[in-house]
Amino acid sequence: MDQLPSSSSTDSSGSQIARARQLEVLHNFASRQAQLTHLDDIVWNIAKTAIAELGFEDCVVYLLDDDGVTLRQVAAHGPKNPVEREIFNRITITVGEGIVGYVAATGEVQLIDDARRDARYIEDDDFRLSELAVPITHQGRVIGVLDSEHHEAEFFTQEDVQLFTTIAALASTRIDAALALAKLHKTVRDLEAAREQLEGQAKELTQARAAAEAASAAKSNFLANMSHEIRTPMTAIVGFAELLAEGDADQQQQVLWRNQLTRNARYLQDLIGNVLDVSAVEAGVTDISLYDIPLYEFISDTVEIFRPKTDAKGLQLTLSSRGQLPTGIISDRLKLREILVNLLSNAVKYTEKGDVKVYVSSRPTTQGAQVRISVADSGIGIATEAIESLFTPFSRVHDTKRLAGIEGTGLGLSLAQKFAGLIGGDITVSSELGEGSVFTLEFITELSDNAQWMMPAVNPFAALALKPQLTKTQGPEEIIERHFADHSILVCEDSEPIAALVKVLLEREGAAVSVCSNGLEGVQRFEILCQAGIPPDLIIMDMQMPLMDGYEATRIIKDHSLAPAVIALTAFALKEDADRCLAAGCDFYLNKPINTKTFTRELKRLHGEFELRRALG
Ligand code: ADP
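Summary of the structure given here. A quick note: this is a predicted structure, and the numbers were derived from the prediction, not measured. (Residues numbered from 1 in each chain as written. Predicted model: local features only at pLDDT ≥ 70, side-chain atom pairs only at ≥ 80, totals over all residues. Heavy atoms only, no water.)

### Describing the sheet that holds strand β17 (residues 512-516)
Point 1. Taken in spatial order, the 5 strands line up as β17-β16-β18-β19-β20 in an open sheet, and their pairing is parallel. A strand with exactly one partner marks an edge of an open sheet, and here the two such strands are β17 and β20 (588-591). With strand direction ignored, the average angle separating the axes of adjacent strands in the sheet is 20°.
Point 2. The sheet contact formed by strand β16 (residues 488-492) and β17 spans 5 bridges and is parallel. Opposite Ser488, over in β17, you have Ala512 as the bridge partner.
Point 3. With respect to the sheet, helix α11 (residues 496-507) is in contact with β16, β17, β18 (538-542) and β19 (565-570), its orientation differing from that of β17 by roughly 170°.
Point 4. In this fold helix α12 (residues 519-531) packs onto β16, β17 and β18, with an angle of close to 140° to the strand it touches most, β17. (Pairing = 2+ DSSP bridges. Helix = DSSP H or I, 4+ residues; strand = E, 2+ residues; numbered from the N terminus. Axes fitted to C-alpha atoms, helices over the stretch in contact; angles between N-to-C directions. Contact = heavy atoms within 4.5 Å.)

### Quick notes on the pairing of strand β12 (residues 369-377)
Point 1. Counting buried positions along β12 yields 8 of 9 residues, so the element is predominantly enclosed.
Point 2. Across 9 bridges, strand β11 (residues 355-364) lies against β12 in antiparallel orientation. What sits directly across from Tyr359, in β12, is Ser374.
Point 3. Where β11 folds back on β12, the antiparallel hairpin that results is connected by 4 residues, among which Gly368 adopts a positive phi of roughly 155°.
Point 4. Alignment of β12 against strand β14 (residues 437-447), held across 9 bridges, turns out to be antiparallel. Its bridge partner lying in β14, Arg372 is registered against Glu442. (Buried < 20%, exposed > 50% of the residue type's maximum accessible area, 1.4 Å probe, protein only.)

### A few points about the sheet that holds strand β6 (residues 141-150)
Point 1. Reading across from one edge, β3-β2-β1-β6-β5-β4 is the order of the 6 strands in this open sheet, with antiparallel pairing throughout. Both outer strands of the open sheet, β3 (92-94) and β4 (110-112), are each paired with one neighbouring strand and no more. Each strand axis lies, on average, 20° off the axis of its neighbour in the sheet, ignoring direction.
Point 2. Taken together, the 3 bridges between β4 and strand β5 (residues 130-138) define a ladder with antiparallel strand orientation. Directly across from Leu111, in β5, lies its bridge partner Leu132.
Point 3. Sitting on the sheet, helix α2 (residues 39-52) is in contact with β1 (59-64), β2 (70-77) and β6, with an inclination near 60° to β2.
Point 4. Sheet contacts for helix α4 (residues 158-246): β1, β4, β5 and β6; angle to β5, the most-contacted strand, approximately 35°.

### Some words on the pattern of salt bridges
Should the charged atoms of two oppositely charged side chains come close, the side chains can pair.
Point 1. Tallying each qualifying case throughout the model produces 30 salt bridges.
Point 2. Between Glu192 and Arg195 there is a salt bridge, with its nearest N and O atoms 2.6 Å apart. Of this pair, Glu192 and Arg195 both sit in helix α4, 3 residues apart, which is roughly one turn of that helix.
Point 3. Of the residues examined, Glu192 reaches a relative accessible area of 34% and is grouped as partly exposed. (Salt bridge = Lys/Arg side-chain N within 4 Å of Asp/Glu carboxyl O.)

### Examining unusual backbone geometry
Point 1. Even without glycine at this site, Glu154 takes up a positive phi of about 50°.
Point 2. Within the secondary structure, Glu154 sits in the loop between β6 and α4.
Point 3. Given a relative accessible area of 58%, Glu154 falls into the exposed group.
Point 4. One non-glycine residue, Leu547, lies in positive phi territory at about 65°.
Point 5. Secondary-structure assignment places Leu547 in the loop between β18 and α13 (550-558).

### Comments concerning the packing of helix α1 (residues 12-34) against α2
Point 1. Interaxial distance between α1 and α2 falls to 10 Å at its minimum, and their mutual angle equals 160°. When the interaxial angle is binned, α1 and α2 end up roughly antiparallel. Crossing hand, α1 versus α2: right-handed. Across from Phe29, Arg32 and Gln33 in α1, the residues of α2 making contact are Ile42, Asn45, Ile46 and Thr49.
Point 2. Looking at the contact of α1 with α2 residue by residue, the class counts come to 3 nonpolar, 3 polar and 1 charged. (Parallel < 35°, antiparallel > 145°, perpendicular 65-115°, else oblique. Left-handed = near helix turned anticlockwise from the far one by under 90°. Nonpolar A, V, L, I, M, F, W, Y, C, P; charged D, E, K, R; others polar.)

### Looking at the nonpolar core
Point 1. Ile299, Ile339, Ile373 and Ile427 are the most contacted members of the largest nonpolar core, which totals 50 residues.
Point 2. Apart from the residues lying within four places of it in its own chain, the contact partners of Ile339 are Ala416, Phe419, Ala420, Ile423, Ile427 and Leu441.
Point 3. With 47 residues, the next largest nonpolar core counts Ala50, Ile87, Ile99 and Ala168 among its residues. (Core = buried A, V, L, I, M, F, W, Y, C linked by side-chain atoms within 4.5 Å.)

### Here we look at helix α15 (residues 599-615)
Point 1. The end-to-end C-alpha distance of α15 is 24 Å, a good match for the 24 Å that 17 residues give at a rise of 1.5 Å each.
Point 2. Among the residues making up α15, those that are buried are Phe599, Thr600, Leu603, Leu606, His607 and Phe610. Seen from one end, α15 has its buried residues packed into an arc of 125°, which puts them on one side. Seen from the open side of α15, the exposed residues pointing more than 90 degrees away from its buried face are Arg601, Lys604, Leu612 and Ala615.
Point 3. On its buried face, α15 sits against α11, β18, α13, β19 and β20. (Expected span 1.5 Å × (residues − 1). Arc of directions from axis to C-beta.)

### Regarding the packing of aromatic side chains
Point 1. Enumeration according to the criterion identifies 5 aromatic pairs in this entry.
Point 2. Ring centres of Phe155 and Phe156 lie 5.0 Å apart, and the angle between their planes is 80°; this geometry places the pair in the edge-to-face category.
Point 3. By way of ring pairs, the aromatic residues Phe56, Phe155, Phe156 and Phe164 are connected into one cluster.
Point 4. Against the face of Tyr102 rests Arg120, its NZ or CZ located 4.6 Å from the ring centre.
Point 5. The ring of Tyr291 has Arg333 sitting right over it, with the charged end atom 5.3 Å from the ring centre. (Phe/Tyr/Trp six-rings, centres within 6.5 Å; stacked < 30°, edge-to-face > 60°. Lys NZ or Arg CZ within 6 Å of the ring centre and 35° of its normal.)

Right under this line is the structure:
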C-alpha cells in the first residue's frame, strides 16, 4: 500500500491529493472497524493500519486497567513484534510515567521530534528518536493511549498527528463498547460460576437435610419403638406388683402373678441390655477382649443352653462339624457367645416343628483360620424382600399378625451383626418364607498357641432322644360370668400378661370379662354377642395385635348400631398414635402402663361420659 505523501508539500494540488489520501485511509479504517466487535480485533487493526497505511515503523496500543493507574499493552506491531497477535515482552506503564504515561494523565497529544532532549523518554532495548503518542478518550475520560516510535528524528508530521488522533477517536467508542462487552461476558461467566457454586451448595444442603431428616426419623422411630417396647412389659410389672402388694390373693394366684412379674422384668432387662449394647457399639465404645476359646466345645456348650427349650417345643437340636477344626481360636468370647445365642434363640423362637441344626466348619488362612458357623432351622422363614431389613434395629420383619405370642425386640440381629463386625466377621442369611432359614456367621480369627487341626469329638447331647412334646398353649379364654355382672366388657389384648391383669381388675369390679387375643377374634366375639342379644357394654381395645389390629377391629365394630364405647389401650405414647386411635373410631384412649389404682375408675368415668353423649344424641 502507498504511503502518504509528505505533509510538508506546499503545492495545493499536492495537498488536495494528500487530503484525499487521508480521507481514504480514514474511510477504510472506519469501514473495517465497523465490522469488528472483539477488543482484540479492534486494537490489532489499529496497530496494523498505523504501519501499513500511515507508514509508521511501529504502533503500540495501551489500555487503562480498571484500577485507573496501569496502562497495559493490548496490541503491538513493528520490528519488535512482527508476529500478529503476539506481543514480545508485554510491558505495563503507570499513569504519569514516561511519555505514554504523561498522555494518559493529561489527555494531551505528545509529538517528540528528538527523544534525546526529552527526559520522560523511557529507553528500553532500543533508542528511537521520534515518538508520537495520542490519547484514546471516551466521554471525556482517557481509556488508553496510541503510541508510535521511529528511529529517525523529526519523523512524525502534523498530518500524522491528525490521522493518529482521528484513528484514536474513531476507535474509542468501539474500544469502550468492546471493553464493556468483555466485562459483561466476564460478569456472566462469574455469575454462571457463582450459580454453579450455589447449585452445588444447595445440593449439598439438600443432601445434608435429607440425611438429618432420615437421622431424625430413625431417632423418632427408635423412640416410638422403645416407648412401645418398654411400656408393654412395664404395664405387666407394675400391675402385677400392685396386685401382689395388696396381699389378698390366694397362693396359686400369687405364684402366677409372681411368674408374670419375673418374666416381664427379665424381658425388660434383656431389652435395656440390648439397647445399651447397640448404643455402645454405635458410639464406638465397645471393647474387644480376646481369649483362648476351645472352638468346638464352646459352640457345643452354647448349643446345649437351648436344649431345654427345643425339647419343650419338640424340636430336634443338632450340632455337627464338617472337616477338621482348630482346637483353639483367639477371639472375644462374650461377643461370640452373644451372636450364637441370638441366632439360636431366633431359630428356636421362629420354628414350631422340625429341627434346628448347627454346622461348624473352618479352613486355614494366613492369619489363622476362617470359621463358619451356620444355624439352620425349619421354621417360618423370611420373605426375600424382608431379608434386607433384618439387621435394622427394631425391625421385626414378619407381619406382626403372624407373630402372635412370639416375643422379640427386633434388636437381636442388629446387635449380632454389629458384634460380628467387631470380631472381624459378618452374618449372612439364606431363607424363604415358609421354608426355614439359615443364618451363617463367618469370621477370620487367629489360632491359639497350641492349636491343632482335628476332627472334633462327637457332641454327647446330639444322640439324646427327644423329650415328649409340650402341649400347645390354650386358646383365648371363654366368656365368664356372662349373666351375673352389671356390665359385660370385651377385652381385646394380645399380650397375655396384660389381658390377665385387666381381667383381674375388671372382675374385681363385678364385670363379666371376655378376652380376645386379636382384633379378628374381637370382631367375631362382638358379633356373636350382638346376635345373642347381649352386646358388651364396653370394649377395651389394644391397638397392636396379630391377625387384625385394633384400628381395623374398631372400624368394623363401630359400623355396628349396637357398638358400645371403645377405649383404646395403647403402648405408643405419642400424640399421633392417640389421634390415629380416635380416627379409627375409638371413643377414648388410655396409655400403657396402666395404673391399677385408677384404671377402673377412669374406665367408669369414660364409660359414663360415652353413655351421656349417646343419651344426648
Ligand atoms: P426379634 O427380637 O424380633 O427376634 P431380631 O433382631 O433377632 O429380633 O430379629 C429380627 C426379625 O427377623 C424377627 O423379628 C423375625 O421377624 C426375623 N427373624 C430372625 N430370625 C429368624 C428366623 N430364624 N426365622 C424367621 N425369622 C427370623
